[in-house]
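Single-letter residue listing:
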Amino acid sequence: MNRQQAVRRLAELRVQVDHHNYLYHVCDAPEISDVAYDALFCELRGLEEEFPALVTPDSPTQRVGGEVLEGFETVAHAAPMLSLDSSADEAAIERFDERVRKALGETAEVAYVLEPKFDGASLELVYEGGVLVRAATRGNGLEGEGITANARTISTVPLRLRTGVIPAPSFLSVRAEVIMEVGPFEAYNERLMAEGRPPFANPRNAAAGALRQLDSRLTARRPLDTFAYDILAAEGFAGDTHWEVLDALAAWGFRVSELRRRVSTAAEIVAFFHQMTAERDEIPFEIDGVVIKLDDLAAREEIGTTSHHPRWAFAMKFQPRKEVTRLLEIVASVGRTGVVTPVAILRPVEIGGVTVSRATLHNRAEVERKDVRQGDKVRVQRAGDVIPQVVERIPEKGKRRARPFRMPKKCPSCSTPLVERGPFTLCPNGLDCPAQLAGRIVHLGSRNALDIEGLGEETAKLLVEHGLVSRLPELFDLLPEQLTPLEGFAEKSADALVAGLARAAQTELPRFLFGLGIPEVGATVARQLARHFGTLARLRAADEEALVEVEGVGSIMAAAIDGYLSEPHNVELIDSLLDGRIALIEGKPAGAVAGAFTGLRFVLTGALESMTRDEAKREIESRGGRVVTSVSGKTSYVVVGDKPGSKFDKAVELGIETLDEAGFIALLASG
Ligand code: IVH
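All values reported here derive from a predicted model rather than from experimental measurement.

Thoughts on the nonpolar core
Ile441, Leu463, Leu475, Leu483, Leu529 and Ile561 are the most contacted members of the largest nonpolar core, which totals 53 residues. Secondary structure elements with two or more residues in this core: helix H12 (434-445), helix H13 (457-465), helix H15 (491-504), helix H16 (509-515), helix H17 (523-533), helix H18 (536-541), helix H20 (555-566) and helix H21 (568-578).

A look at H13
Among the residues of H13, those classed as buried are Thr459, Ala460, Leu462, Leu463 and Val464. Contacts from the buried residues of H13 go to H12, helix H14 (480-483) and H15. A positive backbone phi angle near 70 degrees is found at glycine 467, which sits one or two residues after H13.

Notes on the site of the ligand
Lining the immediate surroundings of the ligand are 14 residues, of which Glu115, Phe118, Arg175, Glu177 and Lys293 lie closest. In this structure, serine 122 approaches the ligand through a side-chain N or O atom, which is 3.2 Å from an oxygen atom. Here an oxygen atom of the ligand and a side-chain polar atom of glutamate 177 are 2.7 Å apart. For the ligand, whose accessible area on its own is 530 Å², the fraction buried by protein is 91%.

Some remarks on empty space enclosed by the protein
Under the defined criterion, the tally for this structure stands at one cavity of 30 Å³ or more. Estimated volume of the largest cavity: approximately 40 Å³. As for the largest cavity, its lining consists of Glu115, Pro116, Phe118, Ala228, Tyr229, Leu246, Val256, Ser257 and Arg260. Sorting the residues of the lining of the largest cavity by element identifies strand E3 (112-118) and strand E8 (224-235) as the ones contributing at least two each. Here the lining of the largest cavity is composed, by residue class, of six nonpolar, one polar and two charged.

Here's the deal with the pairing of E3
Of all the seven residues making up E3, seven are buried; the element is thus mostly covered by neighbouring parts of the structure. Bridging between E3 and strand E9 (residues 261-263) involves three bridges; their strand directions are antiparallel. Opposite valine 113, over in E9, you have arginine 262 as the bridge partner. Relative to strand E10 (residues 287-294), E3 runs antiparallel, the two sharing seven bridges.

Considering the side chain of threonine 153
Within the fold, threonine 153 resides in the loop between helix H4 (148-152) and strand E7 (171-180). Only 2.6 Å separates the side chain of threonine 153 from the backbone oxygen of asparagine 150, close enough to count as a polar contact. Among residues more than four places away in sequence, those in contact with threonine 153 are Arg63, Val64, Gly65, Ser216, Thr219 and Ala220.

What about a negative patch on the surface?
A surface patch of like charges, here negative, comprises Asp240, Glu244, Asp296 and Glu302. On the secondary structure map, glutamate 302 appears in helix H10 (residues 297-303). For glutamate 302, a relative accessible area of 58% translates into the label exposed.

So, the pattern of salt bridges
Taken as a whole and judged by the stated rule, the model has 35 salt bridges. A salt bridge links aspartate 649 to arginine 261, with the shortest nitrogen-to-oxygen separation between them at 3.4 Å. Taken as a pair, aspartate 649 in helix H23 (residues 646-654) and arginine 261 in strand E9 lie far apart in primary sequence, 388 residues in all. Judged by its relative accessible area of 35%, aspartate 649 is partly exposed. Here lysine 370 and glutamate 366 are joined by a salt bridge, their closest N and O atoms 3.2 Å apart.

Concerning the sheet that holds E8
The strand order E5-E4-E7-E8 describes an open sheet built from four strands, whose pairing is antiparallel. Of all strands in the sheet, those with a lone pairing partner are strand E5 (131-137) and E8, marking the two edges. The mean inter-strand angle of the sheet, taken between neighbouring strand axes irrespective of direction, is 25 degrees. Lying on the sheet, helix H6 (residues 203-211) is in contact with strand E4 (121-128), E7 and E8; it crosses E7 at an angle near 130 degrees. Along the sheet face, helix H8 (residues 242-251) touches E7 and E8 and points at about 120 degrees away from the line of E8.

Things to note about the environment of cysteine 433
Inspection of the secondary structure assignment puts cysteine 433 in the loop between strand E18 (424-426) and H12. Given a relative accessible area of 0%, cysteine 433 falls into the buried group. Linking cysteine 433 and alanine 402, residues 31 residues apart in sequence, is a C-alpha distance of 30 Å. When neighbours within four sequence positions are excluded, cysteine 433 is seen to be in contact with Val334, Cys411, Ser413, Cys414 and Cys427.

Details of the sheet that holds E10
With mixed pairing, the five strands of this open sheet are ordered in space as E2-E11-E10-E3-E9. Edge positions in the sheet fall to strand E2 (86-87) and E9, since each of these pairs with one other strand and no more. Contacts between helix H3 (residues 91-104) and the sheet are confined to E2, E3, E10 and strand E11 (313-317), with E11 contributing the most and set at about 175 degrees to the helix. Across the face of the sheet, H8 comes into contact with E3, E9 and E10 while running at roughly 50 degrees to E3.

Thoughts on the packing of helix H1 (residues 3-26) against helix H2 (residues 34-50)
Where H1 meets H2, the axes come as close as 10 Å, and the angle between the chain directions of the two elements is 145 degrees. Relative to H2, H1 is oriented so that their crossing is left-handed. From H1, Ala6, Arg9, Leu10, Leu13, Arg14, Gln16, Val17, His20, Asn21 and Tyr24 reach across to H2, where they touch Asp34, Tyr37, Leu40, Phe41, Glu43, Leu44, Leu47 and Glu48.

Some thoughts on the pairing of strand E12 (residues 322-334)
Pairing geometry for E12 and strand E15 (residues 377-381), over five bridges, is antiparallel. Bridged to valine 324 within E15 is arginine 379. Across seven bridges, E12 lies against strand E13 (residues 340-351) in antiparallel orientation. Bridge pairing links valine 334 to valine 340 in E13. Counted along the chain from E12 to the antiparallel partner E13, the turn is five residues long, and its residue glycine 338 has a positive phi close to 90 degrees.

So, H21
What H21 keeps buried is the set Asn570, Leu573, Ile574, Ser576 and Leu577. Seen end-on, H21 carries its buried residues on one side only, within an arc spanning 165 degrees. Buried positions along H21 lie against H12, H16, H18 and H20. Glycine 580 occupies a position one or two residues after H21 and carries a positive phi of about 75 degrees.

Description of the packing of H3 against helix H9 (residues 266-279)
Put simply, H3 and H9 touch, their axes get as near as 9 Å, and they point 145 degrees apart. Judged by the twist between their axes, the crossing of H3 over H9 is right-handed. Where H3 approaches H9, its residues Ile93, Glu94 and Asp97 are matched on the opposing element by Ala266, Ile269, Val270 and Phe273.

What counts and what doesn't
Residues numbered from 1 in each chain as written. Predicted model: local features only at pLDDT ≥ 70, side-chain atom pairs only at ≥ 80, totals over all residues. Heavy atoms only, no water. Core = buried A, V, L, I, M, F, W, Y, C linked by side-chain atoms within 4.5 Å. Buried < 20%, exposed > 50% of the residue type's maximum accessible area, 1.4 Å probe, protein only. Helix = DSSP H or I, 4+ residues; strand = E, 2+ residues; numbered from the N terminus. Contact = heavy atoms within 4.5 Å. Near = heavy atom within 4 Å. Polar contact = N/O pair within 3.5 Å; in protein donor to acceptor, adjacent residues only side chain to side chain. Areas by Shrake-Rupley, 256 points an atom, 1.4 Å probe, with all protein chains shown as cover. 1 Å grid on protein atoms, 1.4 Å probe; cavity = no way out; pocket = protein on both sides within 12 Å on 5 of 7 lines; lining within 4 Å. Points joined across faces, edges and corners; volume = space filled by probe spheres on them. Nonpolar A, V, L, I, M, F, W, Y, C, P; charged D, E, K, R; others polar. Pairing = 2+ DSSP bridges. Patch = residues over 30% accessible without salt bridge, like charges linked within 9 Å, V, L, I, M, F, W, Y side chains within 5 Å. Salt bridge = Lys/Arg side-chain N within 4 Å of Asp/Glu carboxyl O. Lys, Arg positive; Asp, Glu negative; His and termini not counted. Charge placed at Lys NZ, Arg CZ, Asp CG, Glu CD. Axes fitted to C-alpha atoms, helices over the stretch in contact; angles between N-to-C directions. Left-handed = near helix turned anticlockwise from the far one by under 90°. Arc of directions from axis to C-beta.

Here's what the structure looks like:
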């Protein structure tokens, strides 16, 4: 290929790769397979290697990072990045609405746009001629730190604006929030702790830290995401309303939250705030409130700003999810993998509507670093689905403190001498340790595994303590009459548990794999393994080389999986589980199940009465359909349950077919 041909092909490839990146990361609705995407990406990278002079900063290959800086330069923002006036007292909503109406005159029609308040780090993204030229942290609001190389690595930051319905402006400065979703955040923290490094207290700190890495390759490895919510300055675009601004941002390729809503009364604001408070834990990222913004941009000008915040916007914050309480005791708790974790037993305290009486202290090093001891006053935090954690000790003057915590020398459950491995303390007794066995039972019954109702921690402990289950497979041999004498069991609950076990005994391969508790194998990897190999027999026959072929499996993970599957105790365990106890539903390797719903995309919103969200998902996937999180033109059906969210509005707006529960069940029956 000559240079001229290369120029043309590179341009084509960049447009295509960009487009598929956008569909995958922003729309959550990919149109081509990962393999097809990789082929395009590899061709692009290969051609750029051949013609290095033709590499452009907006090429999708530039997202991997590379530049290492000595420090960050200070850059001035295109317009001040103001803060928000805020309150956690609901009465503030009405007061804000009154102030706005008074300023605009009683007769004015007022519309507000409501958005989630993303709990992340604020970012300015500047585009010239449609190309990302600069990114900066908020800093003091007027100037921030230039972190362009880092911002480029974030998959939802457009390197070049999309131009379609709304032409891209010649100059654009966008305000966005950088976040880390809760799932990836927890996985990232796990990794840090496995390396003996302190975990981050929350996704916001993790995101802010990642943004300020001097080596952009490190930023590239962090699971960062963005939401765009404002234009700081633009030439060549002028909207009349904030709603239009958000539409334009979405059209240019930014990720804009679907949770936005346009309303006109204080009562509607309160209702949305209540809805967000209730749905907060279901949202995959952290939000700390709702932002209320006057929609009409001309009216905003009229009302103006203070030096600190605009008078036309207000942040209604959730009640804090941090509380102060007393640490009663630190105990050592043995988990299913044998890791001994120090756990803080707390004076029960209500945090965001949930009573918390235990919090993890992660490991020895964390207890030392935080220097928390029995009797101390501590601040405790609960975030999303994250396990409550002790954030810090609150010093008390003149108070005598207990002695520092020491890890026990013997396993608190089975008295086997504990061993130290890096930052971890382990009980080496495996499934002969009652605590580990109980942990494995709970894990096997957990939601993403066999999903057995009524098999919580308490029950698992009872089963082990009373010798009803001394080996994992015995769980499936339980009879109701063995359970009824146990504390807390009546005939009905005993029957229910045994029935639940019988139901779970027929299960899909990914659930079984996850339930085994193979080191490093979470629900996602379990699904990939099942997809790739199709059957357990094929997976068991695979060596490390075959395992790294699986998407998302690296060499460390492959070694862990291979090690687990060839260990004699595990071999025996799996054989014994499959010996008349568990029947696996296995699929075809690599490639989704083909069925009546093949090619159909579903979005679920609101609660269904007859099944959980997970069950609905399973029903759809077992028929070859896909469940995606956001509504787009590609969505086939939106299934609408009780108290639907904004996805319902979006479906109506886009004219996507909606199904109520009865309609959904009828469709399932037809497929
Ligand atoms: S608008 C002039 N909208 O909250 C308007 N800010 O406490 C300025 N934030 O520094 C901000 N989500 O980083 C706006 N939907 C949203 C937001 C949001 C999160 C952050 C932003 C700001 C902070 C103010």
